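Examining the three-dimensional arrangement
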Amino acid sequence: MTVGVFRYSMMLSLVILLSSCGAGLQPHLGHHQPTVSSARLMVGEKLTFSEIQFRQDHRGERWIPLEEAAQSLDFTYTYDISDETFNMGYTDVVYRLEMDHKEAYSNGKPITLSTAPKTINQKPYITVKALEELWETQVAWNESSQRFVITPLSAPSAKGEVAVATVVAPTAKVNTKALVQYAKRYLGVPYQFGADPFPQSKRFDSSSYTRHVYARFGISLPRTARAQSALGVLVDKGNLQIGDLLYFYVPGPFQTNRIVGHVGMYIGNGQFIHTFGKPGVTLNTLDEQHWKNTYMFAKRFIVM
């Protein structure tokens, strides 16, 4: 056999082999291509989006866009495309996700999702089942009307919140005058939802602020308002002392409106210091109507 004939024979064999492999693989790959469809998105009976693009994978799992889901519940949210983290909440982060990771953070506790969220065309998506696990609610699919219906989020009552939040007694002795002076150093520092630590971001959200101030005096707090509220000792509103942390709910999205979403620090004479929105770190009083109506309870972490 000449060299030319040998090469031709080898090339022909390779073409036949690749063609047969391709014939076997192509249906398999096609089977895994998701279908893209349009649907309406609702919260209870309220229409929040007349059209969203969702995907259905080969297992029948439906994936919906996280940004539209968050907006439907009036969440503040951030999506960092660089590290693919997605935060949701109000003045404070309540839910945290990372694309391609099943580990998530929900209402003050770590959870493991059945399916990891993922980025598709630079947008974050999550399966219906995983969203139900994250929000602890139902997300129903209605085939005939082509709509997703989110059951409005429920939350424990204030009494329920307090019942699980009386486990750590205050042990740190702090000079409260110095504590207040240090807290006031940051008046006017801008608010940023889900802020990174202050040395890097030069911003605070409500719980990163209390965490930063307390850390200066040797007290370590968790990152979120809800997690912080699960520590300390419950204090009656009529017996507040300087340094007590005050917890508030954020009106609107929950069925009961009784879930911790904001934290501030009591500084005496009915005043507290905290951060939210455009004011950044600011002072308010507990007898102002909004804060009076949304106040839940106080916790003590320091001793005089």
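In what follows, the structure referred to is the one given above.
What you see is a predicted model, and the numbers here were worked out from it, not measured in a lab.

So, the nonpolar core
- Core analysis: the biggest nonpolar cluster contains 34 residues, and Phe-75, Met-88, Leu-97, Leu-131, Leu-134, Trp-135 and Phe-148 have the highest contact counts within it.
- Per-element accounting of this core gives the leading share, five residues, to helix α3 (residues 128-135).
- Setting aside anything within four residues of it in sequence, one finds Leu-131 in contact with Ile-64, Leu-66, Ala-69, Ile-126 and Val-139.
- Phe-198, Phe-204, Phe-301 and Ile-302 belong to the second-largest nonpolar core, a separate cluster that totals 28 residues.

A closer look at the pairing of strand β5 (residues 85-89)
- For β5, a buried count of five out of five residues is recorded, marking the element as mostly surrounded by other parts of the structure.
- Two elements, strand β4 (residues 76-80) and β5, share five bridges in a ladder whose sense is antiparallel. Its bridge partner lying in β5, Thr-76 is registered against Gly-89.
- What sits between β4 and β5 in their antiparallel hairpin is a turn of four residues, with Glu-84 showing a positive phi close to 55°.
- Examined bridge by bridge, β5 and strand β6 (residues 93-98) share five bridges and lie antiparallel to one another. By the bridge assignment for β6, Asn-87 is matched with Arg-96.
- What sits between the antiparallel neighbours β5 and β6 is a turn of three residues.

Remarks on the side chain of Thr-85
- On the secondary structure map, Thr-85 appears in strand β5.
- Polar side-chain contacts of Thr-85 include one of 2.8 Å to the side chain of Asp-83.
- Residues in contact with Thr-85, not counting those within four places in the same chain, are Thr-78, Tyr-79, Asp-80, Leu-97 and Glu-98.

Conventions adopted
- Residues numbered from 1 in each chain as written.
- Predicted model: local features only at pLDDT ≥ 70, side-chain atom pairs only at ≥ 80, totals over all residues.
- Heavy atoms only, no water.
- Core = buried A, V, L, I, M, F, W, Y, C linked by side-chain atoms within 4.5 Å.
- Buried < 20%, exposed > 50% of the residue type's maximum accessible area, 1.4 Å probe, protein only.
- Helix = DSSP H or I, 4+ residues; strand = E, 2+ residues; numbered from the N terminus.
- Contact = heavy atoms within 4.5 Å.
- Pairing = 2+ DSSP bridges.
- Polar contact = N/O pair within 3.5 Å; in protein donor to acceptor, adjacent residues only side chain to side chain.

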